[in-house]
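Chain by chain, the residues run as shown.
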Amino acid sequence: MELLQHVYSLDLIEHVWQNVSSQTLRMSLLQDFYGAEGKVNKLLGSKKSEEMRERETYKYDLTHYAVIHPETKPFMIKQLLYIVKKAIAKGLVITHNIMHYLLMHVIQLASPDEVKFILEDIMERIPSLTHTTEGSLIGSLFVYYTRAKERKALIKAYREYMLPASMDKHTWRVLASLLDSTDDTMLTAKHVLKPLLNADVFASSYGRLLWLYIFDRNHPLFKNYPILRREHSADDMQDDMPFYTIRTDIHEKDEDETLRRISKKEVQLIHLELITHLVIKLKLFDYLQESLESLLSLQDEQLQFTLYRMLHDDRYSTIFEKNPKKAEALKSQL
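If you're wondering where the values come from, they're calculated on a predicted model, not measured in any experiment.

> It is not clear to me how the packing of helix H18 (residues 284-296) against helix H19 (residues 301-312) should be interpreted in this structure. Could you clarify?
Describing two packed helices takes the angle between their axes plus the distance from one axis to the other. Relative to each other, H18 and H19 sit at 155°, their axes nearing to 12 Å. Looking at the two axes, H18 sits roughly antiparallel to H19. In this structure, the crossing between H18 and H19 has a hand that is left-handed. Each of Leu284, Phe285, Leu288, Leu292, Leu295 and Leu296 in H18 lies in contact with H19, whose residues at this interface are Leu303, Gln304, Leu307, Met310 and Leu311. Of the residues belonging to the contact of H18 with H19, the class tally is ten nonpolar, one polar and no charged.

As structure tokens, then:
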């Protein structure tokens, strides 16, 4: 654990972390977080060989292991907070993927007050760390755990990065979380949706996923991507699955201390308003009419499917009726 506190040794661990494919080997780099020496062996049974005990320990990520062995959780949280707070103070969180991983598990395991404090501390750095799996999940959790004021600040922080962010393998999921949680759909349409009216976004597989998410967020295709769960199921206990979830003890609460939605609006209503802004304010049909020939020339089935879903979804027929001729003209070409 001492090696994680210094820049040069952390660089070495980061190199190993990114170049080792074995889950067991990667987790063995974090052995100090699993518990004091000898305690893990006791938990797993003294009759097993040392090699077998290590395999059974490190096949689980940190949060998964803490759920299976709750007696290790206080020690794990203490160690994680110590390392992550030092990394934030030294500016090491952004540049090292292993720190994204540790930060994600802090958010999963620490007390609500500690989590809120850390999220506030890294708020301005969120756009710079969402290029990894854990970093993008941290970005999504930031959206879910903070107030409308902080969500608006995040949208503005992404403004200059919006185009590359929408096409990034991981960051598009943070933008999807913002689309689900915004209270100010006009601001979101201006700063998130408008930059998406770009040929490069439609040509990008992840950009198309974001467009599909706007119009059909429940499509089965999104089950293939790492997601945050609101509760654990038996399937989550599989060894090779990330053990991340949305905590219900961190959400903002009403005066009577009852949990409420992240946004004041239902998700379906948010998407309906966003699509209305797209069609009416941002002239989506005009853009598609001008760009359709070049888009279809890409001969990409996923792109054609995305465009088809955008224009043939019955839930948005009342919006499309505001521009019936343009909508029908586009539909006839797909």
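Now that the structure is up, let's keep going.
> How should I be thinking about the nonpolar core in this particular structure?
Buried together is how nonpolar side chains tend to be arranged in soluble globular proteins. Core analysis: the largest hydrophobic core is formed by 85 residues, its most contacted members being Trp211 and Phe215. With nine residues, the single largest contributor to this core is helix H7 (residues 97-109). Residues within four places of Trp211 in sequence aside, it is in contact with Leu196, Leu197, Val201, Phe202, Leu278, Leu284, Thr306 and Met310.

> Please explain a positive patch on the surface as it appears in this structure.
Together, Lys156, Arg159, Lys190 and Lys194 make up a positively charged patch on the protein surface. Along the polypeptide, Lys190 turns up in helix H14 (residues 185-193).

> I keep staring at helix H6 (residues 73-90) and nothing clicks. Help me out?
Think of an α-helix as 3.6 residues a turn; residues three or four steps apart then line up on the same face. Compared with the 26 Å implied by 1.5 Å per residue over 18 residues, the 26 Å span of H6 between its first and last C-alpha is a close match. The complete set of buried residues in H6 reads Met76, Ile77, Gln79, Leu80, Leu81, Ile83, Val84, Ala87 and Ile88. On its buried face, H6 is in contact with helix H5 (62-68), H7 and helix H8 (112-122). Within two residues after H6, Gly91 carries a phi angle of roughly 75°, on the positive side.

> Looking at this structure, I do not really get the environment of Leu307. What am I missing?
In this structure, Leu307 sits in helix H19. The exposure class of Leu307 is buried, given its relative accessible area of 1%. Sequence separation between Leu307 and Leu292 is 15 residues, and the spatial gap between their C-alpha atoms is 9.4 Å.

The rules behind these values
Residues numbered from 1 in each chain as written. Predicted model: local features only at pLDDT ≥ 70, side-chain atom pairs only at ≥ 80, totals over all residues. Heavy atoms only, no water. Axes fitted to C-alpha atoms, helices over the stretch in contact; angles between N-to-C directions. Helix = DSSP H or I, 4+ residues; strand = E, 2+ residues; numbered from the N terminus. Parallel < 35°, antiparallel > 145°, perpendicular 65-115°, else oblique. Left-handed = near helix turned anticlockwise from the far one by under 90°. Contact = heavy atoms within 4.5 Å. Nonpolar A, V, L, I, M, F, W, Y, C, P; charged D, E, K, R; others polar. Core = buried A, V, L, I, M, F, W, Y, C linked by side-chain atoms within 4.5 Å. Buried < 20%, exposed > 50% of the residue type's maximum accessible area, 1.4 Å probe, protein only. Patch = residues over 30% accessible without salt bridge, like charges linked within 9 Å, V, L, I, M, F, W, Y side chains within 5 Å. Areas by Shrake-Rupley, 256 points an atom, 1.4 Å probe, with all protein chains shown as cover. Salt bridge = Lys/Arg side-chain N within 4 Å of Asp/Glu carboxyl O. Lys, Arg positive; Asp, Glu negative; His and termini not counted. Charge placed at Lys NZ, Arg CZ, Asp CG, Glu CD. Expected span 1.5 Å × (residues − 1).

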